[in-house]
Amino acid sequence: MSAAPPPSSFDPVRWFSHQPYLLLGLASLFWAGNIVLGRHVAGHVPPMTLSCIRWIGACLMLLPFAWPHLKRDWPVLRGRLPLMIALSATGFAVNNALSYWGLQFTEALNALLIQSSGPLFIALWALILFGVRLTWAQVAGIALSLLGVLTIILRGDFAALTAIHFNIGDLMMTGALIAFGLYSALMLRRPVTHQLSLICFTTACGALLLLPLSIWEYASGVTLKFDAITLITLVYVVIFPSTLAYLFFNRGIAAIGPNRAAPFFHLVPVFGSVMAIVLLGEQPQLFHLAGYLMVLAGVVIASRKAPTT
């Protein structure tokens, strides 16, 4: 009588956690939806309150799963408290508050255009803080994918750059990217903990940092309206661009580093344009295809591991 075959050892969760390119792509998709939705609800959902609720909700979602790891990792987190506060401030409080605030004043086109500069800020901070230089492949990949982003956003007409007018909202979006670039670079020095411990702590700390701004916003008369639009917005931002996107992004950076992960930022405007085609009924054009191909080629080139000598 033959022995029964051993049970399959395939673990889908473990497999998924070891696919950095898929994780980074999904994070970009969720962040693209966040920009489109954030612009759509601008003036309806208060930006500071939305930011604070976003991280409170994400923390509460993660806490039951993170609690055992938090208890074990607390001495490590406490020992690196200044870095943890810096990660919370740059990646969660400042970045988020400026993004939602800026979307009150700028157009989605400008926001997506500014978002495409994200890899440059990540590379700049990594160079300034830690001397991490871009490889030639990363430079070429970022440049090619940036060209693809501009092709999509400008609809193949680069002369349209002269018609784009920037305002205070654009400065806020740029500040948000500068903060997030610093967060991405600082992730190189993150403490060695379980990723649930890290993100649960930083979301909680980010919410605490945003709480005074939310109170100020409420005191000034800008209050949350509990209706269907608000509910859909809160559910989306808590689950997708907050909890899942940051888990995926942090895991992707841990696996391949910030400079190789940075070009995936260029997928945000790509996904944003696809959403405009699918959800808003825009017609796909040849420049969409050309831009998508350039972005994907640039991401592949820049994210390749440098050959060892």
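Right above here is the structure, for reference.
A few points on the structure. Quick caveat, the model's predicted, so the values are computed rather than measured. (Residues numbered from 1 in each chain as written. Predicted model: local features only at pLDDT ≥ 70, side-chain atom pairs only at ≥ 80, totals over all residues. Heavy atoms only, no water.)

### Some thoughts on the overall build of the chain
For clarity, the cut-off: Put simply, DSSP marks the helices as runs of H or I at least four residues long and the strands as runs of E at least two long, and each gets a number from the N terminus on. Radius of gyration here uses only the C-alpha atoms, and the compact-globule reference equals 2.2 Å multiplied by the residue count raised to the power 0.38. Type-normalised accessible area, obtained with a 1.4 Å probe on protein chains alone, sets the label of each residue: buried when under 20%, exposed when over 50%, and partly exposed for intermediate values. Any pair of residues with heavy atoms lying within 4.5 Å of one another is described as a contacting pair. Computed by Shrake-Rupley with a 1.4 Å probe, the accessible areas treat only the displayed protein chains as cover when residues are assessed. In this count, Lys and Arg are taken as positive residues and Asp and Glu as negative ones, while His and the chain termini are left out. Note that the charge is assigned to NZ on lysines, CZ on arginines, CG on aspartates and CD on glutamates.
Helix and strand content of the chain: 13 helices and 0 strands. Reading the chain from its N end, one meets helices and strands in the order α-α-α-α-α-α-α-α-α-α-α-α-α. For 309 residues, the compact-globule formula gives about 19 Å, and the C-alpha radius of gyration of the chain, at 20 Å, lands near that figure. Based on the C-alpha atoms only, the size of the chain along its principal axes is roughly 70 × 55 × 50 Å. Sorting the 309 residues of the chain into buried and exposed places 50% on the buried side. Considering only contacts in the chain between residues 6 or more positions apart, those separated by 24 or more positions represent 90%. As displayed, the chain has an accessible area near 15100 Å², and 72% of this comes from carbon and sulfur atoms. The positive charge centre, built from 16 side chains, and the negative charge centre, built from 8, are 18 Å apart in the chain.

### Regarding a nonpolar patch on the surface
For the record, the criterion: Here the term patch refers to residues with relative accessible area over 30% and no salt bridge, with like charges joined within 9 Å and nonpolar side chains (Val, Leu, Ile, Met, Phe, Trp, Tyr) within 5 Å. Within this document, salt bridges are pairs made up of a side-chain nitrogen of Lys or Arg and a carboxyl oxygen of Asp or Glu, the two lying within 4 Å of each other.
A surface patch of nonpolar side chains, about 630 Å² in accessible area, is lined by Trp101, Phe105, Ile168, Leu171, Leu213 and Trp216. Looking at the nonpolar patch, the elements that each hand over two or more residues are helix H8 (168–186) and helix H9 (195–219).

### Brief notes about the pattern of salt bridges
Taken as a whole, this structure holds 1 salt bridge when the rule is applied. Ionic pairing is found between Asp73 and Arg72, a salt bridge with its closest N-O pair at 3.4 Å. Taking relative accessible area as the criterion, Arg72 reaches 51% and is therefore assigned exposed.

### Things to note about the nonpolar core
In plain terms, the rule: As used here, the term nonpolar core means buried Ala, Val, Leu, Ile, Met, Phe, Trp, Tyr and Cys residues forming a set that is joined through side-chain atoms within 4.5 Å.
Counting 73 residues, the largest nonpolar core has Trp31, Trp55, Leu87, Phe180, Tyr183, Tyr246 and Phe249 as the members making the most contacts within it. With near-sequence residues (within four places) excluded, Tyr246 lies in contact with Trp31, Arg54, Trp55, Gly91, Phe92, Asn95, Phe180, Tyr183, Ile199 and Pro241.

### Remarks on the side chain of Arg54
The cut-off we apply is this: A 3.5 Å cut-off defines polar contacts: any pair of N or O atoms within that distance qualifies, except that in protein one atom must be a possible hydrogen donor and the other a possible acceptor, and neighbouring residues in sequence count only when both atoms are side-chain atoms.
Secondary-structure assignment places Arg54 in helix H3 (residues 47–79). The charged side chain of Arg54 is buried without a salt bridge, its nearest counter-charge being Glu217 at 13 Å. A polar contact of 3.2 Å, which involves the side chain of Arg54, links it to the side chain of Tyr100. If we ignore the near neighbours within four places in the chain, the residues touching Arg54 are Trp31, Asn34, Asn96, Tyr100, Val237, Val238, Pro241, Ser242 and Tyr246.

### Points about H9
The criterion, for reference: An expected span of 1.5 Å times one less than the residue number is assigned to each helix. To get the bend at a residue, fit one axis to the 7 residues ending there and another to the 7 starting there, then take the angle between the axes.
Given a rise of 1.5 Å per residue, 25 residues ought to cover 36 Å, and the 36 Å separating the end C-alpha atoms of H9 matches this to within 8%. Maximal helix bending in H9 amounts to about 35°, located at Leu210; proline Pro212 follows within four positions. One or two residues past the end of H9 sits Gly221, with phi positive at roughly 100°.

### Some words on the environment of Gln285
One can find Gln285 in the loop between helix H12 (267–280) and helix H13 (286–303). Residues Gln285 and Arg155 lie 130 residues apart in sequence; the distance between their C-alpha atoms is 8.3 Å.

### Digging into the packing of helix H2 (residues 20–40) against helix H10 (residues 228–256)
The condition that has to hold: Axes here refer to lines fitted to C-alpha atoms; in helices the fit is confined to the stretch in contact. Angles between the N-to-C directions go from 0 to 180 degrees. In this scheme the handedness of a crossing depends on how the near helix is turned from the far one: anticlockwise by less than a right angle means left-handed, clockwise means right-handed.
Close contact between H2 and H10 brings their axes to 8 Å; oriented N to C, the two are set at 150°. The interaxial crossing formed by H2 with H10 has left-handed handedness.

### A closer look at the layout of surface pockets
Note the cut-off: Here a cavity means grid points, on a 1 Å grid over the protein atoms only, where a 1.4 Å probe fits yet cannot get out; a pocket means an open set of points with protein on both sides within 12 Å along at least five of seven lines; lining residues are those with an atom within 4 Å of a point. Grid points are joined across faces, edges and corners, and a volume is the space filled by probe spheres set on the points.
Space inside the second largest pocket adds up to approximately 400 Å³. Lining the second largest pocket are 18 residues, and of these Val13, Gln195, Leu196, Leu247 and Phe248 sit closest to its centre. Going through the elements one at a time, helix H1 (12–17), H3, H9 and H10 are the ones with two or more residues in the lining of the second largest pocket. In terms of residue count, H10 provides more of the lining of the second largest pocket than any other element does, 6 residues in total.

### Regarding empty space enclosed by the protein
Spelled out, the test is: Just so you know the grouping, Ala, Val, Leu, Ile, Met, Phe, Trp, Tyr, Cys and Pro go in nonpolar, Asp, Glu, Lys and Arg go in charged, and all remaining residues, Gly too, go in polar.
Using the criterion set out here, one finds 1 cavity of 30 Å³ or more in the structure. By volume, the largest cavity is sized at about 230 Å³. Every residue lining the largest cavity is counted, 16 residues in all, and those nearest its centre are Trp31, Asn34, Asn95, Ser99 and Gln115. Grouping the amino acids of the lining of the largest cavity by side-chain chemistry returns 10 nonpolar, 5 polar and 1 charged.

### A word on the packing of aromatic side chains
Defined as follows: Note on aromatic pairs: the rings of Phe, Tyr and Trp (six-membered ring only in Trp) are paired at centre separations within 6.5 Å, and the planes decide the class, stacked below 30 degrees, edge-to-face beyond 60, tilted for the rest. For a ring to carry a charge above it, either NZ of a lysine or CZ of an arginine must fall within 6 Å of the ring centroid while also lying within 35 degrees of the normal to the ring plane.
The tally for this structure, following the rule as stated, stands at 20 aromatic pairs. Ring geometry for Trp31 versus Phe180: centroids 5.5 Å apart, planes at 80°, classification edge-to-face. Of the two residues, Trp31 sits in helix H2 while Phe180 sits in helix H8, which places them 149 residues apart along the sequence. Here Trp31 and Phe180 have matching classes, each one buried. Both rings, one in Trp74 and one in Phe201, keep their centres 6.0 Å apart while their planes meet at 40°; by these two values the pair is tilted. Here Trp74, found in helix H3, pairs with Phe201, found in helix H9; they are 127 residues apart in sequence, far enough to count as distant. Positioned above the aromatic ring of Phe130, the side-chain terminus of Arg189 is 4.1 Å from the ring centre.

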